[in-house]
Each structure stands twice: as structure tokens, then as C-alpha cells.
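A closer look at the structure
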Amino acid sequence: MTLLIKNGRVLDPMAQLDAVMDVLVEDGQIKQVAPHIEAQTDQYVEADGCYVMPGFIDLHVHLRDPGFEKKETVITGTHAAARGGFTTIVAMPNTKPVVDNMDIVNYVHNKAKSKGKVHVLQAGAITKGMAGQELADIEQMVRAHSPAISEDGKSVMDSFLMRKAMLLAKELDIPILSHCEDKNLLHGGVVNADENAKKNELPGITNSVEDIIAIRDVILAKETGAKLHLCHCSTKDSVKIVKWARENGVQISAEVCPHHFTLTSDDMIPGDTNYKMNPPLRTREDVEALRQGLKEGIMDVIATDHAPHTKEDKNDSMLRAPFGIVGLETAAALTYTELVLGGYLTPMQMAEKMSSRPAQIIGCNKGSLAVGKTADIVVFDPQKTQIIHADEFASKSKNTPFDGRQVTGSVRTTIVDGKVVYQEGHL
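We now turn to the structure provided with this report. Here the structure is a predicted model, which is why all the values come from computation and not from measurement. (Residues numbered from 1 in each chain as written. Predicted model: local features only at pLDDT ≥ 70, side-chain atom pairs only at ≥ 80, totals over all residues. Heavy atoms only, no water.)

Quick look at the sheet that holds strand 8 (residues 119-122)
Spatially, three strands are ordered 6-7-8 in an open sheet, and the strand pairing comes out parallel. Where the open sheet ends on each side, the last strands, each with one partner, are strand 6 (56-61) and strand 8. Going across the sheet, the axis of each strand differs from the next one's by a mean of 20°, ignoring polarity. Bridging between strand 6 and strand 7 (residues 86-91) involves four bridges; their strand directions are parallel. (Pairing = 2+ DSSP bridges. Helix = DSSP H or I, 4+ residues; strand = E, 2+ residues; numbered from the N terminus. Axes fitted to C-alpha atoms, helices over the stretch in contact; angles between N-to-C directions.)

Next comes the structure, spelled out in C-alpha cells:
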């Protein structure tokens, strides 16, 4: 099977290549990257005026499978990923049952291989049942190819147990993906603790809920030498914490989600639970700090925290509805619109934060268009203006605050293992 991508602007952060090139793919691998390749091929993709980037890698996705298949499945989640330009996604373990053993890891991996559109890597839980009492069988899950461990959806509040997890993660050479939330400070909060919360008589979530655990985990990572990745950072001080950690030798990385660098709490429509997420939408000051952190390379990853919920789940009050929004199918356009056109990132930096850097964090041999690499590729049209329509999503769930929003930039083609899995609106 051969495929030729013609006339695209190739952006490869690992090779620091930014040039109009053709890309020849053969038997699932990149065979040649050069100007004006002439070859007889089985498939042809015209990329004139488009960026050709390594396929996006999302370190933070909830597939809800097993246990919550009404919201999403491995199959529908990978369809959404393909539509969004993602060729590899890391699934969080807060399923039912919790992914705390190799059997469930194997279930997800096998289902993705047999029925999915993109690569799925299943993260393992840090503690058994995510109960925070004792460590899960982390070594067993790593043998089943879990790339990382996480307690996403909550923090491991027992600092001694978290330290034990970090020592084991260091020994196994895997990162810990940390959801930073001090539950003792949460007290039923549902939105950011600011004037909007007071006006709408809703309990607020302060920045300290996130920042205190971020500082704790940084200190533990510094002491243990573990690789620490901070998930869905939302506060201005999280940027300072990451900067301090890196300057002091901590092996740290940090992600920002498109909703956190795009929206503020002022943008929320009262009563619309599609704006309810955890961490919550913060202030303009926080958003600007996150954008500057991305610009300066302090925050080095863009991830979605894709969190699908049914319409029935979300059709409740702000107090009772679950946290979370879907994000796989809107991330690339929002990143390009808000950060690239906004002057915070170059197109090359967009490729770095959405592909090559995530690959490095999980030790994945992807994120590059070099000859010999797996042909996981996205063709992105930076000129196409579109309206986001949630009812067109491939995801089973449609819970997004971006429905009806105009954006610039669109995924034209997604290629996984040298095969086109998405092409201009069609899986």
C-alpha cells in the first residue's frame, strides 16, 4: 500500500523541518520526504495550501469504556479522534471497573486494535479502584503497555502513598499524569470562585484547590526524581509552579486544554452546564497567563480532557450536572484560531505541543515525519473558516460550549499507519 501527499507545508518539530514538500508513504511507514516526488501510488492526497504535521497525540481522553458506554465507547471515541486529527490518544482509567489491572488494559487495547480508527494507549490507575488506599498493580499494567499512571478525576490525597507511586514510576520509567485537586478545599464548588459565582449564587472553586496539590506533587517529584505531568492546568500560578519546577531540575511537563486558553468565567451562559468543567473556567488574568506560558514554552502540551456526557446527564442544574466537555473534534481549530492567529504560537509550535512533545512525554516513537517513522499524519487546512456544529460530531456525546462558534482551520485528512481514516468530513 503506497500513498503520496503532494505540495503540503511539512512541519516536523523534531527535525525542525518547515518547507513545502511531498511525503511518500509505503507499507505504513514514511518512505521519503522531498520536493516533487514522482511515484506510482495507490492513493494520492493533495495538500496544497495545507500544513502536513505528525498526527496529533492527546495525553488526556476519557473513553468511558468499560462501564459508561452510553457516553462514549472505544469505537466512537476513536472516530472523534480521527475527525480531530488525533492519531494516538491516551485513555484515562476512571471507568467502571477502574483500569487498575492488566486485564482491563488489554480489553481497551484489543478493542481499539480490532475496531478503532486510531491508536489507543490505556493509562493505569495509581491506586486500586481509585480509592486512594493502596497502590494498583502498576508493574503489571506497564507490562501490558500502559504508558503512564493517573488518578484522573481526583488526586491521591495521601502524600505518602503518592510518594510511593512516584518512586515506582521512576523505577518503571513512566510519567505520572496528575489531576491536581485538593478535595478538602473543594466544598461542593461547581464554578470558579469569583464575582460570577456570587452573582449566580453558586459555590466556587478557588485557584488554591489546584495550586496546592500542584506544589505538593512538584516537591515529591523533585525528591523522588519521578517524571511528573500536570493535567489540565487552569490557574496563573500553575504556570509559575511549572517554571520553578523546571528551573530546579524537576522532570516536569504540563498541559493546557483549549477551553482553558479560550474561555473565561465571564463567557459562561448562566444555567448552561456545557460550561461546567473541572477545573472550572477561570478569569481573564488566568487565561492570559496560560497563553503566555504556552508561548514561552513553560506549558508544553495541548490536550483536550475529552469528557463526554449524555444529554440527559447534562440536562440538570449547575449543582448536580457532571463536570466535563468533549474536545477531540474542536481542539485543532481552537488552537489555530486562538493561539496561532492570536500570535501566541507559530504553526511549528502548534505541531510541537500537539504531537512531538506529547510523544516524548510517554516515550512513544511517534510525533515525527522522519523517514522510517510510522505514517501517522494530519493534513490541516489553515485557511478554512467553519462553524462548529455539535450535531455533526462523531463522538457519542455533544456536550460542548463551542457549538455555533466560528473558527479558522480544519482537519482535512487523518492518516493512521499509512491509511486514510478521515477525509474532509468522512470517516
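More follows now that the structure is in view.
Description of the nonpolar core
Of all hydrophobic cores here, the largest spans 78 residues; its most connected members are Ile89, Ile176, Leu230, Met299 and Met350. Among the elements that line this core, the one with the most residues is helix 4 (residues 159-172), at six residues. Apart from the residues lying within four places of it in its own chain, the contact partners of Met350 are Met53, Phe56, Ala332, Thr335, Tyr336, Val340, Leu345 and Phe380. Tyr275, Met318, Phe393 and Val407 belong to the second largest nonpolar core, which has 18 residues in total. (Core = buried A, V, L, I, M, F, W, Y, C linked by side-chain atoms within 4.5 Å. Buried < 20%, exposed > 50% of the residue type's maximum accessible area, 1.4 Å probe, protein only. Contact = heavy atoms within 4.5 Å.)

So, the packing of helix 4 against helix 7 (residues 207-224)
Their axes nearest at 10 Å, the elements helix 4 and helix 7 cross at an angle of 45°. Taken together, helix 4 and helix 7 sit at an angle that is classed as oblique. The handedness of the crossing between helix 4 and helix 7 is right-handed. Of the residues in helix 7, those touching helix 4 at Ser159, Met162, Arg163, Met166, Leu167 and Lys170 are Arg216, Asp217, Leu220, Ala221, Glu223 and Thr224. Of the residues in the contact of helix 4 with helix 7, the class split is five nonpolar, two polar and five charged. (Parallel < 35°, antiparallel > 145°, perpendicular 65-115°, else oblique. Left-handed = near helix turned anticlockwise from the far one by under 90°. Nonpolar A, V, L, I, M, F, W, Y, C, P; charged D, E, K, R; others polar.)

Describing the sheet that holds strand 14 (residues 227-230)
Taken in spatial order, the six strands make up an open sheet running 9-10-11-14-15-16, and their pairing is parallel. Among the strands making up the open sheet, the edge pair consists of strand 9 (124-125) and strand 16 (301-302). As paired elements, strand 9 and strand 10 (residues 149-150) share two bridges and run parallel to each other. Looking at the pairing, Ala125 lines up with Ser150 of strand 10.

A few points about the pattern of salt bridges
Considering all chains together, one arrives at 23 salt bridges under this definition. The salt bridge partner of Lys111 is Asp65, with a shortest N-O separation of 2.7 Å. Pair noted here: Lys111 is in helix 2 (residues 102-115) and Asp65 is in the loop between strand 6 and helix 1 (74-83), with a separation of 46 residues, a long-range link. The burial state of Lys111 is the same as that of Asp65; both residues are buried. A salt bridge links Arg163 to Glu223, with the nearest nitrogen and oxygen atoms 2.6 Å apart. Here Glu223 lies in helix 7 and Arg163 lies in helix 4, a separation of 60 residues in the sequence. Here the salt bridges share partners, and the residues they tie into one network are Arg83, Glu329 and Glu392. (Salt bridge = Lys/Arg side-chain N within 4 Å of Asp/Glu carboxyl O.)

Brief notes about unusual backbone geometry
Across the junction of Asp65 and Pro66, the peptide omega takes the value 15°, indicating a cis bond. Here Pro66 shows up in the loop between strand 6 and helix 1. Of note, Asp27 is a non-glycine position whose phi angle comes to about 50°, a positive value. Judged by its relative accessible area of 60%, Asp27 falls in the exposed class. The backbone of Glu201 shows a phi angle near 55°, a positive value even though the residue is not glycine. Structurally, Glu201 is set in the loop between helix 6 (195-199) and strand 13 (204-205).

Concerning the environment of Pro258
Tracing the chain through its elements places Pro258 in helix 9 (residues 258-262). In this structure the C-alpha to C-alpha distance between Pro258 and Leu339, which are 81 residues apart in sequence, comes to 9.5 Å. Among all residues touching Pro258, those that are not within four sequence positions of it are Ile302, Ala303, Thr304, Ala331, Leu334 and Thr335.

With respect to the environment of His306
As for its position among the elements, His306 is in the loop between strand 16 and helix 11 (311-314). If we skip the residues at most four places from it in the chain, His306 touches His60, Val61, His62, Glu72, Ile325, Val326, Gly327, Leu328 and Ser395.

Some thoughts on the side chain of Thr76
Residue placement: Thr76 occurs in helix 1. Sequence-distant contacts of Thr76, defined by excluding residues within four places in its chain, comprise Ala394, Ser395 and Lys396.

Regarding the packing of aromatic side chains
Each pair of aromatic rings is reported with the distance of its centres and the angle of its planes. Evaluation of the coordinates by the stated rule reveals three aromatic pairs. The structure contains a cluster of three or more aromatic residues connected by ring pairs, namely Tyr51, Tyr336 and Phe380. A cation sits over an aromatic face here: Lys276 above Phe323, 4.6 Å from the ring centre. (Phe/Tyr/Trp six-rings, centres within 6.5 Å; stacked < 30°, edge-to-face > 60°. Lys NZ or Arg CZ within 6 Å of the ring centre and 35° of its normal.)

Observations regarding the pairing of strand 8
Moving residue by residue along a regular strand, the side chains alternate between the two faces of the sheet. Burial along strand 8 is one-sided: the face carrying Val120 and Gln122 is buried and the face carrying His119 and Leu121 is not. Relative to strand 8, strand 7 runs parallel, the two sharing four bridges. Bridge pairing in strand 8 links Ile89 to Val120.

Things to note about the packing of helix 12 (residues 331-340) against helix 13 (residues 347-361)
For any two helices packed against each other, the geometry comes down to the angle between their axes and how far apart the axes lie. Remark: helix 12 packs on helix 13, axes separated minimally by 11 Å, with the N-to-C direction vectors making an angle of 140°. Judged on the interaxial angle alone, helix 13 and helix 12 are oblique. For the pair helix 12 and helix 13, the crossing hand works out as right-handed. Residues Ala331, Ala332, Thr335, Tyr336 and Val340 of helix 12 lie in contact with helix 13, whose contacting residues are Pro347, Met350 and Met354.

Interpretation note: all reported values are geometric properties and have no functional meaning in isolation.
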